[in-house]
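# Inside the fold
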Amino acid sequence: MQFNKARPAKKETVLMSILNPYLSFRDNAREAMEFYRSVFGGELTVTTLGEANASEDPADQDKIMHGQLTTPNGFTLMGADTPSSMEHTPGNTMSVSLSGDEEDELTGYWNALAVDAQFTMGLEKAPWGDTFGMLTDKFGTQWMVNIAGSSTGS
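In the annotation of an unreviewed UniProt entry, the protein chain is listed under the name VOC family protein and assigned to Rhodococcus navarretei.

Right under this line is the structure:
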């Protein structure tokens, strides 16, 4: 009788559930994702509808089917262009929230996102004691920034 050699134990990988914002754009996903990379740093990967053979419409070939920005701080932001055949209503269904206690870092993100933005609420002391602000950036994405325990606003 011949026995099989013992196989090394299979290395178990634990995959955590994660939540990532996924932003939809109309024809300017590449520009928007490049802008967010300029704000947060990191590596941006993009695949067009043409590269993925995901559309036969010649007008959609260079549109972004999937873009993903992975930053050194562990943020992941995803986005894509909405194909011409689909309805697109920017900005009114979600916000992206940035929060933490790194005042300089979060204020820097706020200042970068604020370029050409519309402000819902400036970055200021909130009733709960943190510094908080809300804006809609130049691409129609709503952002909330909360700096925990911060003593000053910008």
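So, on to the sheet that holds strand 2 (residues 43-48). Across the sheet, four strands lie side by side as 1-4-3-2; this open sheet has mixed pairing. Across the chains shown, the open sheet's two edge strands, defined by having one partner strand only, are strand 1 (22-25) and strand 2. Across the sheet, the mean angle from the axis of one strand to that of its neighbour is 15 degrees, orientation sign disregarded. Examined bridge by bridge, strand 2 and strand 3 (residues 64-70) share six bridges and lie antiparallel to one another. Residue pairing across strands places threonine 45 opposite glutamine 68, the latter belonging to strand 3.

Our next topic: the packing of aromatic side chains. Applying the stated criterion across every chain, the model contains 11 aromatic pairs. Centre to centre, the rings of tryptophan 110 and phenylalanine 119 are 5.9 Å apart; their planes meet at 50 degrees, and the pair counts as tilted. Through a chain of ring-to-ring contacts, the aromatic side chains of Phe25, Phe35, Tyr36, Phe40, Phe75, Tyr109, Phe139 and Trp143 assemble into a single cluster.

Right, let's talk about unusual backbone geometry for a bit. Of note, aspartate 27 is a non-glycine position whose phi angle comes to about 75 degrees, a positive value. Relative to the assigned elements, aspartate 27 resides in the loop between strand 1 and helix 1 (29-40). At aspartate 116, a residue that is not glycine, the phi angle is positive and equals roughly 60 degrees. Its location among the elements puts aspartate 116 in the loop between helix 2 (103-113) and strand 6 (118-125). Owing to a relative accessible area of 62%, aspartate 116 belongs among the exposed residues under this scheme.

Thresholds, definitions, all that
- Residues numbered from 1 in each chain as written.
- Predicted model: local features only at pLDDT ≥ 70, side-chain atom pairs only at ≥ 80, totals over all residues.
- Heavy atoms only, no water.
- Pairing = 2+ DSSP bridges.
- Helix = DSSP H or I, 4+ residues; strand = E, 2+ residues; numbered from the N terminus.
- Axes fitted to C-alpha atoms, helices over the stretch in contact; angles between N-to-C directions.
- Phe/Tyr/Trp six-rings, centres within 6.5 Å; stacked < 30°, edge-to-face > 60°.
- Buried < 20%, exposed > 50% of the residue type's maximum accessible area, 1.4 Å probe, protein only.

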